[in-house]
Every structure is written in structure tokens, then in C-alpha cells.
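As a plain string of letters, each chain reads:
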Amino acid sequence: MMKRSSSKTFTLGDYHSSTAVIAGKKVISSPAFPNLEACHFEIGINSTTLINAQVGDHLVITPQNSDAHVLKFAERFELDLNEEITNKNGVKLSTQEYLKKEADIFQLVNSRMMKKIIIFTSDHDEKEVLYDLEDFSKTHSIFDISMMFPSFGFKNVSQLIDFLPQIKPRYYSIGKVMLSTNEEEAKKFKKVISIVVANHKYETVIPKIEKTREGLTARFLNSITVGSEVEATLRKSTFKIPDSVKELKKPVLLIGNGAGLGPLVSFWLNLSESDKSNEGERKFFGGVRDEKDYFEYKEKLGDSKSALFSYSRSGNKQHVQDMLKEKIQEEGPIKEWFNKVIEG
């Protein structure tokens with residue numbers, strides 16, 4: 001059996017990944033949102049490829065399937081985990097390594113994949129059920145379907161590899177970069193970086209499948225404990241607050257919505273920590289669909305009167321640009337602040 005190099009440096013796209021260590025983990029939950037958690041990770045780094053990380057850069061982590069799910073999936077398709085195979089890139093590796101690190105067996109099945117699954121299913125009755133499930137695209141994973149329909153299978157391993165999608169890396173905005181604060185930690189890491197990850201759980205509509213289900217990344221993150229090693233990559237970003245803003249204490253207006261909120265929240269927090277006396281010179285306008293989407297940021301932003309959020313699908317159903325126009329026109333502190341910025 002041929003294995004890949006045991007080196008700690010791997011190629012991931014145009015970037016090199018290195019080993020990082022989970023130095024801290026805190027899970028935040030709320031009774032109001034039972035299927036949502038926010039995981040705060042502190043990650044210790046020593047590698048030269050990660051040491052230049054700055055707030056707003058992206059930490060790239062590729063999740064992996066658990067050993068238990070790899071074993072169950074292999075048993076389902078009667079695969080030999082020690083067998084050497086060739087992946088889609090022509091690299092030889094063991095079946096176990098391929099299923100653990102490369103095959104996204106928890107990807108949600110879309111209509112295109114469902115059509116292929118129906119072709120690879122031999123039992124007529126199971127085919128009929130699968131035709132009905134086409135209406136529930138993206139509510140069940142490849143793993144779910146594999147366990148539910150015994151006649152779904154492949155003629156050979158090459159056909160299986162061709163069908164399974166590749167695990168894709170996940171990009172997380174770096175919220176904080178710190179020198180190690182305590183003596184014990186300083187002996188281990190040159191720097192500690194912080195990220196926040198939303199962990200969603202989904203309700204399934206399929207019988208015989210666990211009612212509440214997590215995706216690949218959620219399962220992977222839940223399995224990570226303090227002291228665990230992960231392979232991480234740094235992707236530098238040009239989207240930063242200029243140093244002149246911090247040095248000259250210029251007013252800062254941050255506007256964002258959806259997935260773009262991550263780096264803006266990071267900028268806000270770092271400006272707040274570096275100059276706590278100057279919060280009045282910063283305004284944050286954020287837009288999300290509802291309070292659930294704001295959940296992962298709420299603890300960090302707190303009740304700051306200078307950070308305002310609109311909800312496009314709940315309450316007044318207001319988009320961030322509408323809130324911005326409204327606040328500019330209102331008589332009060334925000335209008336005064338805008339006038340001051342424009343005059344300056």
C-alpha cells in the first residue's frame with residue numbers, strides 16, 4: 001500500500017498548508033436557535049506560512065470525514081480500505097485516505113446527482129422512491145442515500161471515485177491576531193489567531209435518517225478538541241483598513257451584509273480594542289436575513305449603539321441600504337456624525 005509523504009506541508013491550490021494547533025474552543029448557543037451554534041476557535045501557529053496572518057486574511061481549513069463514517073461507508077460499498085487507488089488527479093493513495101481526506105460523502109444531493117443515483121440503483125421499487133425524492137433536492141446527503149437504498153451501487157471503485165465530489169476547503173475570516181498571552185502558551189506558539197464558525201444543524205424530511213443532521217464541516221469541527229492538529233492555509237487579502245485610519249483616528253463607516261460581514265466584524269472589533277475611547281467615530285451598518293443570521297456576531301458586537309443591523313426577512317423586513325438612508329435622514333447622533341464626516 002502506497003502512502004503520501006508524511007511531510008507537514010501540502011499543496012492546496014496555489015497555497016501551501018501547514019499544521020496548526022487548536023489552542024482554545026468555545027461553543028456559544030441559544031435556546032432561541034436550537035439548531036445553531038457559534039464556535040470560537042483560537043489557533044496556535046508556528047509555521048512560517050501562517051505567521052504573517054493579519055486581521056481580514058483568510059484561514060483556509062479543509063475538513064475531513066471521521067474514521068467511523070469512513071468505515072461505515074466502506075462497508076456499505078464493500079471497499080478494501082487498504083487497497084491502493086488513483087484519485088481524480090492521478091495521485092495514488094489508499095482507499096481509506098481517499099475517503100477520509102478527499103471524498104465529500106456528506107455533500108447534499110442535487111437534482112443532477114440524483115439522476116445519476118437513480119441510474120446506479122438496480123431495484124425498481126427503490127428507483128420509484130428516488131424519483132419522488134427528486135423534489136427534495138439538497139435535503140439529504142450522499143451518505144444518507146447510500147444507507148437508505150441498498151441497491152444503489154457501482155460496478156468498480158473507479159466509477160465510485162468519478163461520482164463522489166471532492167472535499168472543498170472552507171475560508172474563514174481571521175478575527176484577531178495575538179501574541180501568546182501566557183507563559184505556557186508562549187512556549188508553544190509564536191502567535192494565536194481567532195476565527196468564528198457558524199455551526200448549522202438541519203432538519204431532514206427523509207424517514208429512517210437522523211432527524212437533525214450536520215454537514216461535513218460541522219461534524220469535523222465538533223470532533224476537534226483543544227490540542228488537536230489541523231492542516232491550515234493562509235490566503236492573504238487586500239481588503240483591509242488602511243493603517244493611516246488607525247494612526248490618524250479617522251472616522252470609519254462599515255457597511256456589509258450576508259457572508260461579507262465576517263471581515264467587517266473583525267475590523268470593528270480590532271478598531272474598538274485599539275482605541276476604546278474613539279468608538280463614536282465608528283459606525284457599522286450590517287444586513288442579515290433574520291436574528292438567526294446575526295447570532296454568531298451578537299456576542300462579539302454586544303449592544304453597541306454604533307453597530308446597527310437590519311433584517312430583510314423578519315421584523316420590518318428592511319435591507320441594509322434602506323436602513324442607511326433612513327438613519328442619514330433622521331435627526332440625531334448618526335445624522336450629525338455623517339454631516340461631520342462630510343464636512344471633514
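Going along each chain's sequence as written, the residues are numbered from 1 onward. Only residues with pLDDT of at least 70 are given local features in this predicted model, and only at 80 or more are side-chain atom pairs given and counted; all residues enter the totals for whole chains, interfaces and linings. Based on all heavy atoms of the structure, the side-chain values leave hydrogens and waters out of the count.

1. Brief notes about unusual backbone geometry
Phase 1 of the analysis: Phi at glutamate 78 takes a positive value of approximately 55 degrees, unusual for a residue other than glycine.
Phase 2 of the analysis: The way it works is that DSSP assigns letters per residue, a run of H or I at least four long becomes a helix, a run of E at least two long becomes a strand, and they are numbered from the N terminus. Residue position: glutamate 78 is located in the loop between helix 1 (67–76) and strand 5 (84–86).
Phase 3 of the analysis: Working definition: with a 1.4 Å probe on protein chains only, accessible area under 20% of the residue-type maximum means buried, over 50% means exposed, and in between means partly exposed. Under the relative-accessibility criterion, glutamate 78 is labelled exposed at 74%.
Phase 4 of the analysis: Positive phi values are uncommon outside glycine, yet lysine 317 reaches one of about 50 degrees.
Phase 5 of the analysis: If you trace the backbone, lysine 317 turns up in the loop between strand 14 (307–311) and helix 12 (320–329).

2. Considering empty space enclosed by the protein
Phase 1 of the analysis: A pocket, in this scheme, is an open set of points on a 1 Å grid over the protein atoms alone with protein on both sides within 12 Å along at least 5 of 7 lines, while a cavity is a set where a 1.4 Å probe fits but cannot get out; residues line either one if an atom lies within 4 Å of a point. Grid points are joined across faces, edges and corners, and a volume is the space filled by probe spheres set on the points. Across all of its chains, the model carries two cavities of 30 Å³ or more by this definition.
Phase 2 of the analysis: Along the walls of the largest cavity sit Ile22, Phe41, Ile43, Ile61, Ile195, Leu221, Ile224 and Val230, which together make up its complete lining.
Phase 3 of the analysis: Split by residue class, the lining of the largest cavity holds eight nonpolar, no polar and no charged.
Phase 4 of the analysis: Volume-wise, the second largest cavity comes out at about 30 Å³.
Phase 5 of the analysis: Lining the second largest cavity, in full, are Leu79, Ile85, Thr95, Tyr98, Leu99, Val157, Leu160 and Ile161.
Phase 6 of the analysis: Secondary structure elements with two or more residues in the lining of the second largest cavity: helix 2 (95–101) and helix 6 (157–163).
Phase 7 of the analysis: Within the lining of the second largest cavity, the residues separate by chemical class into seven nonpolar, one polar and no charged. Residues are grouped as follows: Ala, Val, Leu, Ile, Met, Phe, Trp, Tyr, Cys and Pro are nonpolar; Asp, Glu, Lys and Arg are charged; every other residue, Gly included, is polar.

3. Description of helix 4 (residues 124–133)
Phase 1 of the analysis: Buried within helix 4 we find Glu126, Leu130 and Leu133. Axial view of helix 4: buried residues confined to an arc of 50 degrees, hence all on one face. Residues His124, Asp125 and Asp132 are exposed on helix 4 and point more than 90 degrees away from its buried face.
Phase 2 of the analysis: We call two residues in contact whenever any of their non-hydrogen atoms come within 4.5 Å of each other. In this structure, the buried residues of helix 4 make contact with helix 3 (111–119) and helix 5 (142–148).
Phase 3 of the analysis: Between the side-chain oxygen at the start of helix 4 and the backbone nitrogen of aspartate 125 there is a gap of 3.1 Å, and the oxygen is on aspartate 123. Our arc is simply the arc of the directions from the helix axis toward the C-beta atoms. Between N or O atoms, a polar contact is any pair within 3.5 Å; within protein, one atom must be a potential hydrogen donor and the other a potential acceptor, and residues adjacent in sequence are included only when both atoms are from side chains.

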